[in-house]
Amino acid sequence: MSATPVPAHFPEVLRQFPLAGRYVSAAPYGSGHINDTYVVHCDEGRPAPRRYVAQRINHHIFRNVPALMENVQRVTAHLGAKTGPNSRALALVSAADGRPVIQDEFGGWWRLYHFVEGAHTVDRVTSEAEAREAARAFGDFQAQLADLPGGRLQETIPNFHHTRSRFENFRRALAEDKVGRAKEVQPEIDFAFSREADADVLLGLLAQGQVSERVTHNDTKINNVMLDDTTNRAVAVIDLDTVMPGLPLYDFGEMMRTSASSTAEDDPKAENMALVVPYFRVLVEGYLASAVGGVLNATERAHLAFAGKLMTYENGLRFLTDYLQGDTYYKIKHPRHNLDRCRTQFALVRSIEAEQEAIKRILGEVAGV
Ligand code: ADP
Ligand code: GN1
Ligand code: MG
């Protein structure tokens, strides 16, 4: 799947939402791998246009969109109530009939968000301050959801971070070898098998009750936090489609994977990829200083770096699986895109392993474990 232009029926979709002003234009937006995201400009007679973010939700991946939107509605309402009317927290625009999502004539599901103005996302961290801010924002986000009312959130993608399931999906894709690519990727296949045992570590701790489930974001990529254009302070955590029960370690791990890495996830030169140790330190400091810091037990603190390695391995497995299956899950820009992504992830796993000494020292100094 590749990036999608604004569809011809887009004005029809927008007609179902109460916009402030006249619809002027829309354009593809952001670099997400899953949904189709568009920025919408409206003219309300002011010099600056009013903007929205419209998203067509990928319903091949999110199979129960109404359930997903119920989660998003609950989470945004809860965060909105906590952060107050002047915050820039992510906020939905309900359709004219009051629903949080509408369906177009082709079966596509659409939602609309207020545009978070005066803020931006980055695909890579380029300063310690940015890393610290992301860690604080994702930690606080999780703490704010600890008292979410209304019972357990729905699992929008079952077994999302169940690394053992991810491994079995990979094994099946390899056995099927649908598009005949297995022969090109033997080193990656060997690497995937060589680290198989890691898949069970956190699941084992969970089964033994040593770590516990909470409401987590589960996709704490650095480009899912919006930073203020002037101060670089985090103003909103976005991409709430996978907010559901999970482990805080998954959130820290995803953050480490995307924020303490030396190059882009899809750098075609995997040798450019390594752990940026100073950013890792700052992430641990920032996460522990956030509101969630006090909640993590010693086992969780001791597994922070392991979680980063595990999430990196898991993403590598997922990219490899998608490559073997013929690129049906993630958006790609060229035929080897998923393979490039897989290679950077496995390179990062190796680098995290090679930095064990530095990691141990940092966890001792900063996390007391
Ligand atoms: P995906 O699931 O495809 O990653 P996201 O919800 O993360 O989709 O959106 C993709 C990108 O669009 C984000 O990285 C961000 O840059 C931008 N974006 C999303 N929502 C907003 C918003 N409400 N205001 C401003 N920009 C947004
Ligand atoms: C996807 O939606 P986006 O681009 O933020 C994926 C994450 C992966 C990530 C890899 C729902 O995130 O799980 O870690 O790509 N989201 C989903 O870059 O599968
Ligand atoms: Mg995103």
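All values reported here derive from a predicted model rather than from experimental measurement.

Engineer: Can you walk me through the coordination of the magnesium ion (ligand 3) in this structure?
Structural biologist: Tetrahedral coordination by four donors sets the ideal angle at the metal to 109.5 degrees; octahedral coordination by six donors sets it to 90 or 180 degrees. At the metal site, the magnesium ion (ligand 3) is ligated by Asn224 (OD1) and Asp239 (OD), and these contacts range over 2.2 to 2.3 Å. Of this pair, Asn224 sits in the loop between strand E8 (214-216) and strand E9 (225-228) while Asp239 sits in the loop between strand E10 (234-237) and strand E11 (244-246), and the two are 15 residues apart along the sequence.

Engineer: Sorry if this is basic, but what is going on with the sheet that holds E10 here?
Structural biologist: In a beta sheet, neighbouring strands pair by backbone hydrogen bonds and run either parallel or antiparallel. Read from one edge of the open sheet, three strands run E7-E9-E10, paired in antiparallel fashion. One side of each edge strand has no neighbouring strand; the edge strands of this open sheet are strand E7 (119-120) and E10. Where E9 meets E10, three bridges bridge the pair, whose relative direction is antiparallel. Bridging from a neighbouring strand, Leu227 pairs with Ala234 of E10. Packing against the sheet, helix H3 (residues 128-144) makes contact with E9 and E10, and its axis sits at approximately 45° to E10.

Engineer: Honestly, the pattern of salt bridges in this entry has me stumped. Any pointers?
Structural biologist: Pairs may arise between side chains of opposite charge once their charged atoms sit close together. The final tally for this structure, using the stated rule, is 32 salt bridges. The shortest N-O distance in the salt bridge between Glu285 and Arg132 comes to 3.0 Å. Placement of Glu285 in helix H8 (residues 277-289) and of Arg132 in helix H3 is noted, with a sequence separation of 153 residues between them. Overall, Glu285 belongs to the partly exposed group, its relative accessible area being 24%.

Engineer: Got a minute to help me understand the domain arrangement of the protein chain in this structure?
Structural biologist: Interfaces are often sized by the amount of accessible area the parts lose when they come together. Under the domain assignment, the protein chain is made up of domain 1 (10-117) and domain 2 (128-367). Distance from the C-alpha centre of domain 1 to the C-alpha centre of domain 2: 27 Å. Each partner contributes to the interface: domain 1 provides 25 residues, whereas domain 2 provides 31 residues. Both faces combined, the contact of domain 1 with domain 2 buries some 2,500 Å², and carbon together with sulfur accounts for 58% of it. Considering only the surface of domain 1 that becomes buried against domain 2, His33, Asn71 and Arg74 emerge as the three largest contributors, covering 26% of it.

Engineer: Quick question: what am I supposed to make of H8 here?
Structural biologist: Residues spaced three or four apart along an α-helix face the same direction, because each turn holds 3.6 residues. The end-to-end C-alpha distance of H8, which contains 13 residues, comes to 18 Å, matching closely the 18 Å that a straight helix rising 1.5 Å per residue would cover. Residues Val277, Tyr279, Phe280, Val282, Leu283, Val284, Gly286, Tyr287 and Leu288 constitute the buried set of H8. For H8, the secondary structure elements touched by its buried residues are H3, helix H7 (248-259), helix H9 (298-302), helix H10 (304-324) and helix H12 (356-367).

Engineer: How do you make sense of the site of ligand 1 when you look at a structure like this?
Structural biologist: The environment of ligand 1 is made up of 20 residues, and the closest members are Gln55, Val116, Thr121, Asn224 and Asp239. His114 places a main-chain nitrogen or oxygen 3.1 Å from a nitrogen atom of ligand 1. Take Asp239: an N or O atom from its side chain is 2.9 Å from an oxygen atom of ligand 1. Contact with the protein chains covers 95% of the free accessible surface of ligand 1, which is 550 Å². Applying the majority rule of atoms within 2 Å of the grid points places ligand 1 in the largest pocket. Class assignment for the residues of the shell around ligand 1 results in nine nonpolar, 10 polar and one charged. Both of domain 1 (10-117) and domain 2 (128-367) provide at least three residues apiece to the shell around ligand 1.

Engineer: Looking at this model, I keep getting lost on the nonpolar core. Mind explaining?
Structural biologist: A general feature of soluble globular proteins is that nonpolar side chains tend to end up buried together. In this structure, Phe170, Leu202, Phe252, Met256, Leu275 and Phe280 are the most contacted members of the largest nonpolar core, which totals 102 residues. The greatest single-element share of this core, amounting to 12 residues, is contributed by H10. When residues of this core are assigned to domains, at least three map to each of domain 1 (10-117) and domain 2 (128-367).

Engineer: Please explain the layout of surface pockets as it appears in this structure.
Structural biologist: Where empty space is left can be seen by rolling a probe of water-molecule size over the atoms. Reported here for the largest pocket is a volume of approximately 800 Å³. At the level of elements, strand E3 (50-57), strand E6 (109-114), E7, H7 and H10 are the ones that each hand at least two residues to the lining of the largest pocket. When the residues that make up the lining of the largest pocket are grouped by side-chain class, the tally is 18 nonpolar, 16 polar and 10 charged. Structurally, the lining of the largest pocket is a two-domain feature, drawing no fewer than three residues from each of domain 1 (10-117) and domain 2 (128-367). Put simply, the second largest pocket is a space of about 550 Å³. Lining the second largest pocket we find 32 residues, and of these Ser31, Gly32, His33, Asp123 and Lys333 sit closest to its centre.

Engineer: I would appreciate a short explanation of the site of ligand 2 in the present structure.
Structural biologist: Close contacts around ligand 2 come from 19 residues, with Lys221, Glu265, Asn315, Arg318 and Tyr329 the closest. Comparing atom positions with the cavity grids shows ligand 2 to sit within the largest pocket. The element contributing the most residues to the shell around ligand 2 is H10, with three residues. The residue inventory of the shell around ligand 2, partitioned by class, reads seven nonpolar, five polar and seven charged. Each of domain 1 (10-117) and domain 2 (128-367) contributes no fewer than three residues to the shell around ligand 2.

Here is what the cut-offs are and how they apply
Residues numbered from 1 in each chain as written. Chains lettered and ligands numbered in written order. Predicted model: local features only at pLDDT ≥ 70, side-chain atom pairs only at ≥ 80, totals over all residues. Heavy atoms only, no water. Donors = N, O, S within 2.8 Å, 3.2 Å for Na, K, Ca; no water. Helix = DSSP H or I, 4+ residues; strand = E, 2+ residues; numbered from the N terminus. Pairing = 2+ DSSP bridges. Contact = heavy atoms within 4.5 Å. Axes fitted to C-alpha atoms, helices over the stretch in contact; angles between N-to-C directions. Salt bridge = Lys/Arg side-chain N within 4 Å of Asp/Glu carboxyl O. Buried < 20%, exposed > 50% of the residue type's maximum accessible area, 1.4 Å probe, protein only. Domains from an automatic or database assignment. Buried area = accessible area lost by both parts, 1.4 Å probe. Expected span 1.5 Å × (residues − 1). Near = heavy atom within 4 Å. Polar contact = N/O pair within 3.5 Å; in protein donor to acceptor, adjacent residues only side chain to side chain. Areas by Shrake-Rupley, 256 points an atom, 1.4 Å probe, with all protein chains shown as cover. 1 Å grid on protein atoms, 1.4 Å probe; cavity = no way out; pocket = protein on both sides within 12 Å on 5 of 7 lines; lining within 4 Å. Sits in = over half its atoms within 2 Å of the grid points. Nonpolar A, V, L, I, M, F, W, Y, C, P; charged D, E, K, R; others polar. Core = buried A, V, L, I, M, F, W, Y, C linked by side-chain atoms within 4.5 Å. Points joined across faces, edges and corners; volume = space filled by probe spheres on them.

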